[in-house]
Amino acid sequence: MRNILTIARHDLKMVVTDRPALVWMILMPIVFIGFFGMVFGGGEQGEPADAPVRLTLVDHDGGFLARALVEDLEIQRLELVELSASEAESATDTIRTLVIPEDFTEHVMAGEKVTLRLDKEPGSNAEAGLVAQTRVLSSVGRIIGRLIEMASDEGVVRAEDSFVATGGGDDVVTVDGRFAGQATTSPSGFAQSIPGNTVLFVMLVALTYGAATITGERMGGQLRRLVTTPVSRAEIILGKVAGRVAVAVVQVTVLILAALAAKLALDINIGDHTGAAYVILLCYALCVAPLGVAVGAWFRDPDRAANIGVLITMVMGAFGGCMWPLEFVSPTLQRLSLVFPTGWAMKALHQVISFGRGLGDVVPEMLVLAGFALLFTVLASRSLRVE
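This one's a predicted model, so the numbers in the text were calculated from it and none came from an experiment.

For the protein, the count of helices and strands is 15 helices and four strands. For the protein, the proportion of its 387 residues judged to be buried stands at 43%. Contacts in the protein between residues far apart in sequence, at least 24 positions, make up 80% of those at least 6 positions apart. Here the protein has roughly 19,800 Å² of accessible surface; of this, 60% comes from carbon and sulfur atoms.

Printed below as a string of structure tokens:
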């Protein structure tokens, strides 16, 4: 064990003292995370039910109940835009529109059924539409509560002044809206960018620097000289794998700490189970490290090993969902993603970051990653010749 740790410590030191390697380990992932997080929707942080929502309002009535409804909507977390009927017809940015019909007040006061219409543009955000609908229902509920409060014993509603007088009391009806269960929408913004680029760059470093150094040591004779020392072949291979695991652990730790700092400073949404995401990434590190050793053992030129490592990373990253959410692709490609460790890592990370699940819910995915780790370790052992 001491020999394994000595080899691993040496390899870790070689990487962390190499400035270009540190740039690709730490700086480039952070740059890519920030850029793609902002480009693909970095502004949608926080709980959807608490977010401000834009709502266009068209009042065809103008009666006192319609005005009361508008006033109540104004105190909701709504970006309310009031338009006349003619303005609404020519407007092009009415994502969702609440229409108060003509004679709204008259029909309600007469006890007749009346319908408020909430129009939504095709393709608009479904969560935001549900939030707007809930807040409209909340305002309608309060209006109904005030009408009940001012009703006489005979059930006949009194005058407008009496209705206005009910505005200062406690609400008879309240509506509390929140999203239940787990999210079903595709991860976007930083919820996709953080796990995607972390998984991508952990593999990239392991399959470029990790592979190229193995090739260089083979061709330079360092491994042959190492055999002449009291170190077994198994210790050499496990030491090389452990060194690349150590590099990946350092990389993952720094990136997770950077994500936590961004969450505190910029309110970036990375979910409530950061510890679970860290454990998943550690399992992933165990998986990609031996693959880097195997790739380095296949070639005689370090540059070629690094180039092939980039190619393998790009293919696994693309099919594994690192560059775009797998929910955007066909079911066939979603199934194909599970051929690669990147697909299982992204599936597990999305569960804990975007869908609110805990570590116990992603045990199957971590077991699959452990299986990949074992497979790649055997592959590295059979590929790397140190005699």
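What follows picks up the thread again.
All right, on to empty space enclosed by the protein then. Counted by the stated rule, this structure contains one cavity of 30 Å³ or more. By volume, the largest cavity amounts to about 90 Å³. Every residue along the wall of the largest cavity is listed here: Ile194, Pro195, Thr198, Ile256, Ala259, Ile270, Thr274, Ala277, Leu281, Leu349 and Ile353. Mapped by element, the contributors of at least two residues to the lining of the largest cavity are helix 8 (190–220), helix 10 (233–266), helix 11 (274–297) and helix 14 (341–353). Here the residues of the lining of the largest cavity are counted per class, giving nine nonpolar, two polar and no charged.

Below, the discussion takes up the environment of Val288. On the secondary structure map, Val288 appears in helix 11. Using a relative accessible area of 1% as the deciding quantity, one classes Val288 as buried. With 40 residues separating them along the chain, Val288 and Ala248 place their C-alpha atoms 8.6 Å apart.

A word on the nonpolar core. The tendency in soluble globular proteins is for nonpolar side chains to be buried as a group. Judged by nonpolar contacts, the single largest core of 40 residues is most densely connected at Val199, Met203, Ile280, Tyr284, Leu291, Leu349 and Val352. Listing elements by their share of this core, those giving two or more residues are helix 8, helix 10, helix 11, helix 12 (302–320), helix 14 and helix 15 (363–383). Broken down by element, the residue count for this core peaks at eleven residues, all from helix 11. Of all hydrophobic cores here, the second largest spans 21 residues; its members include Leu65, Leu73, Ile100 and Leu147.

Applying the stated rule across the entire model yields six salt bridges. The closest approach of N and O atoms between Asp11 and Lys240, which form a salt bridge, is 3.3 Å. Taken together, the residues Asp11 in helix 1 (residues 2–16) and Lys240 in helix 10 connect sequence positions 229 residues apart. The same class applies to Asp11 and to Lys240, which are both buried.

Another point: the packing of aromatic side chains. Two descriptors summarise a pair of aromatic rings, namely the distance from one centre to the other and the angle between the planes of the rings. Under the counting rule described, the total for this entry stands at six aromatic pairs. Ring plane angle 85 degrees and centroid distance 5.1 Å describe the contact between Phe35 and Phe36, whose orientation is recorded as edge-to-face. Overall, Phe36 belongs to the partly exposed group, its relative accessible area being 30%. Geometrically, the ring pair formed by Phe372 and Phe376 is tilted, given 5.8 Å between the ring centres and 35 degrees between the ring planes. A residue pair is termed a helical-turn pair when its members lie 3 or 4 positions apart in one helix, as Phe372 and Phe376 do in helix 15 at four residues. For Phe376, a relative accessible area of 8% translates into the label buried. Each residue in the set Trp24, Phe32, Phe35, Phe36 and Phe201 is aromatic and connected to the rest through ring pairs, giving one cluster.

The rules behind each value
- Residues numbered from 1 in each chain as written.
- Predicted model: local features only at pLDDT ≥ 70, side-chain atom pairs only at ≥ 80, totals over all residues.
- Heavy atoms only, no water.
- Helix = DSSP H or I, 4+ residues; strand = E, 2+ residues; numbered from the N terminus.
- Buried < 20%, exposed > 50% of the residue type's maximum accessible area, 1.4 Å probe, protein only.
- Contact = heavy atoms within 4.5 Å.
- Areas by Shrake-Rupley, 256 points an atom, 1.4 Å probe, with all protein chains shown as cover.
- 1 Å grid on protein atoms, 1.4 Å probe; cavity = no way out; pocket = protein on both sides within 12 Å on 5 of 7 lines; lining within 4 Å.
- Points joined across faces, edges and corners; volume = space filled by probe spheres on them.
- Nonpolar A, V, L, I, M, F, W, Y, C, P; charged D, E, K, R; others polar.
- Core = buried A, V, L, I, M, F, W, Y, C linked by side-chain atoms within 4.5 Å.
- Salt bridge = Lys/Arg side-chain N within 4 Å of Asp/Glu carboxyl O.
- Phe/Tyr/Trp six-rings, centres within 6.5 Å; stacked < 30°, edge-to-face > 60°.

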